[in-house]
Amino acid sequence: MSSEVKKNEPKPAAISQTPAAPKPAASPAARQSPVPKQPLPGSQPQGRRNFFKFIAAVGGILGITPFIPFGSFFTASASIGKQEGQRILLPDGTYANVKTFPPDSAVIFPYPRTGDERFDSEPFRRFELIRLAPAEGGDKNNVSSFRAYSMVCVHLWCLWDYKAGRQVRDPKTGKTIVGNIECPCHGSNYRVHDGVAIYGPAALQTPPNNALPMLDLSIDSEGYIVVNPPTYTVDRNGIIGYGRKVKA
Ligand code: FES
């Protein structure tokens with residue numbers, strides 16, 4: 001069950017909000033057919049590269065863990081009982097609410113939020129809350145309209161962004177999806193519904209290195225969207241910078 005944020009909780013400096021919906025200027029055809037990019041020439045073999053990424057992810061996360069005042073990334077399962085759900089702070093100082101958060105839009109937020117900007121701006125703490133486009137079910141006033149993914153691309157750790165209104169073809173179903181997650185570095189595209197890479201180098205990686213870590217959400221009695229305490233394993237919420245196992 002989610003718990004509320006105390007009213008006198010210190011409010012950190014807000015993180016910039018994702019541009020609402022800059023409609024792409026490209027032609028519909030271009031928008032619907034992103035060209036999958038091939039692995040970089042000379043890149044390391046997949047298994048070996050993923051191993052090094054995993055070790056680096058563990059090292060990076062453990063490196064910042066001592067500075068987290070509550071909870072931790074890899075020991076989340078041990079402290080999960082002590083963690084509390086957190087509302088999602090918006091740049092204007094209010095909290096994301098199902099009644100007001102517009103469909104087909106997104107906002108960047110830190111989790112877990114400490115109130116200290118130095119820590120709350122760390123890339124491994126950055127998530128993006130997305131409300132799906134109406135065509136994708138985002139018009140429902142319940143938690144099914146929302147997703148929250150780690151912004152760290154599971155390819156080589158650039159930060160992706162949500163492209164509102166952009167249309168992409170789902171290679172699995174052949175259907176057109178409205179709203180797209182795209183990494184600017186090498187063009188990986190992730191399916192907005194489940195965070196699985198569908199184009200670009202991340203899509204060529206083997207599970208669980210092909211899906212973004214994801215937070216579980218709930219909605220409290222006042223309509224506020226709450227992040228439920230995660231478990232950072234590949235089988236549950238995923239490991240930031242490494243991946244998440246998604247059921248087929
Ligand atoms: S870092 Fe390479 S596609 Fe994201």
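What this report covers is the structure whose coordinates are included nearby. (Residues numbered from 1 in each chain as written. Predicted model: local features only at pLDDT ≥ 70, side-chain atom pairs only at ≥ 80, totals over all residues.)

**Considerations on the sheet that holds strand E3 (residues 126-131)**
Overall, antiparallel pairing links the three strands, which are arranged E2-E3-E4 in an open sheet. Strands at the two margins of the open sheet, each flanked by one partner only, are strand E2 (105-110) and strand E4 (146-150). Each adjacent strand pair in this sheet contributes to an overall mean axis angle of 25°, direction not counted. Summarising the sheet, E2 and E3 pair through six bridges and their orientation is antiparallel. Bridge pairing links Phe109 to Phe127 in E3. (Pairing = 2+ DSSP bridges. Helix = DSSP H or I, 4+ residues; strand = E, 2+ residues; numbered from the N terminus. Axes fitted to C-alpha atoms, helices over the stretch in contact; angles between N-to-C directions.)

**Description of the pairing of strand E5 (residues 161-169)**
Bridge count for E5 against strand E6 (residues 176-182) is six bridges, and the pairing is antiparallel. Each bridged residue has a counterpart across the sheet, and for Arg169 the counterpart in E6 is Thr176. Counting the residues that bridge the hairpin from E5 to E6 gives six residues, and of these Gly174 lies at a positive phi of roughly 80°.

**Observations regarding the pairing of E4**
Among the five residues of E4, five are classified as buried, and the element is accordingly described as predominantly covered. Burial along E4 is two-sided: the face carrying Phe146, Ala148 and Ser150 and the face carrying Arg147 and Tyr149 are both buried. (Buried ≥ 20, exposed ≤ 12 C-beta atoms within 10 Å, placed from the backbone.)

Interpretation in functional terms is not warranted from these geometric data alone.
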